[in-house]
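Residue-level listing of the chains:
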Amino acid sequence: MGQLTLKNVVKSFGQIEVVKHVSLEVQDGEFVVFVGPSGCGKSTLLRMVAGLEHTSGGDIVIDGQRVNDLPPVKRGIAMVFQSYALYPHMSVYENIAFPLRVERASEEVIREKVESAAAILHLDQRLQQKPGMLSGGQRQRVAIGRAIVREPKIFLFDEPLSNLDAALRADMRIELTRLHKQLGATMIYVTHDQVEAMTMADRIVVLNAGYIAQVGAPLELYHKPQNAFVARFIGNPR
Ligand code: ADP
Ligand code: MG
């Protein structure tokens, strides 16, 4: 299960409201992409879902439980960032194993989960290498592996591909779509890249200055944008 409900979620920094009464239902297993220009509140929204930022108002509900006051590790969520934050002195194996070591999992469980994640991510041949030996795409996979071993109900991705070159981004889009099908987990994916949104999403949420401008399937937004902002952003300038 990985059902997420946002009800009137608000975030203010001082006097400035950067997330403005966002309400949304995400179904279990859905791939939802939040898209919008830089500064529209995408990361702030994701960080509130992850528990890295307090809400100023509203409810965040996961599988029927209000989680606003739960710490990140109790939410059944794993987040993957744009900067991979890998430990350079540790092997790929140990980088992926890290969250399990924090949870004091047994060596046997760790080996099983790391090897399974590595197989899914095509990192089987890299486990003994250090991150410095890897390409950008492989490093991003290690970061995703670290999320997978925690077996979260919901994956959160914050512009995970924006440090990669165009060819690698195209490959990773396909990889992530495959990963979603394979794991069947709920995925919430933040990007400012329209192509990522259009090709990966079950549904797209277009954010503009902290509020939801429109929610819908990619082709629905493309063919029936509700306003000029969505039309311009999704790229159908009718
Ligand atoms: P996005 O991820 O869509 O680019 P962010 O969620 O990072 O946008 O930021 C939304 C707005 O909130 C921006 O105007 C940003 O400057 C502001 N903001 C984000 N974090 C903080 C913070 N810790 N303190 C003050 N303002 C912040
Ligand atoms: Mg951001």
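Starting afresh in each chain, residues are numbered from 1 along the sequence in its written order. Chains carry letters from A onward and ligands carry numbers from 1 onward, assigned in written order. Local features in a predicted model are, by the rule used here, given only for residues with pLDDT of at least 70; side-chain atom pairs are given and counted only at 80 or more, and totals for whole chains, interfaces and linings are based on all residues.

The protein chain is annotated in an unreviewed UniProt entry as ABC transporter ATP-binding protein of Paracoccus zhejiangensis. Of the comments in the UniProt record for the protein chain, the one headed Sequence similarities (unreviewed entry) reads "Belongs to the ABC transporter superfamily." UniProt positions are given in the numbering used here, feature names are shortened, and annotations may be inferred rather than shown by experiment.

This part covers the UniProt feature "domain: ABC transporter" (unreviewed entry) in the protein chain. Residues given the UniProt feature "domain: ABC transporter" (unreviewed entry) here are residues 4-234. For the annotated span residues 4-234, helix accounts for 37% and strand for 26% of the residues, and the straight-line distance between the end C-alpha atoms is 25 Å. Each helix is a run of DSSP H or I of at least 4 residues and each strand a run of E of at least 2, with the numbering of both proceeding from the N terminus.

Moving on, we get to the site of ligand 1. In this text, near has one meaning. A residue is near a molecule or strand if its C-beta atom, placed using the backbone, is within 6 Å of it. Ligand 1 sits among Phe13, Val18, Gly36, Ser38, Gly39, Cys40, Gly41, Lys42, Ser43 and Thr44. No other element matches the three residues that helix α1 (residues 42-50) contributes to the shell around ligand 1.

Note on strand geometry: in a regular strand, side chains alternate between the two faces of the sheet. Counting other C-beta atoms within 10 Å of a residue's C-beta gives its exposure: the residue is buried at 20 or more, exposed at 12 or fewer, and partly exposed in between, where C-beta atoms are placed from the backbone. The element strand β3 (residues 31-35) is extensively covered by neighbouring structure, given that five of its five residues are classed as buried. With five bridges joining them, β3 and strand β8 (residues 186-191) adopt parallel strand pairing. Across the sheet, residue Val33 finds its bridge partner in β8, namely Tyr189. Here a strand pair is declared whenever DSSP counts at least two bridges between the two strands. Relative to strand β9 (residues 203-208), β3 is paired through four bridges, and the arrangement is parallel. Bridging from a neighbouring strand, Phe34 pairs with Val205 of β9.

Attention now goes to the sheet that holds strand β1 (residues 4-13). The sheet built from four strands is open, its strands ordered β2-β1-β4-β5 with antiparallel pairing. In this open sheet, the two strands that pair with only one neighbour each are β2 (16-26) and β5 (65-66). The pairing of strand β4 (residues 57-62) with β5 spans two bridges and is antiparallel. Bridge pairing links Val61 to Arg66 in β5.

With that settled, the discussion passes to unusual backbone geometry. Positive phi outside glycine occurs at His21, with the angle close to 50°. Mapped onto the secondary structure, His21 falls in strand β2. By C-beta crowding, His21 is classed as partly exposed, having 15 other C-beta atoms within 10 Å. Phi angles above zero are rare outside glycine, and Glu151 is one such case at about 50°. Take Glu151: it is sitting in the loop between α4 (136-148) and β7 (154-158).

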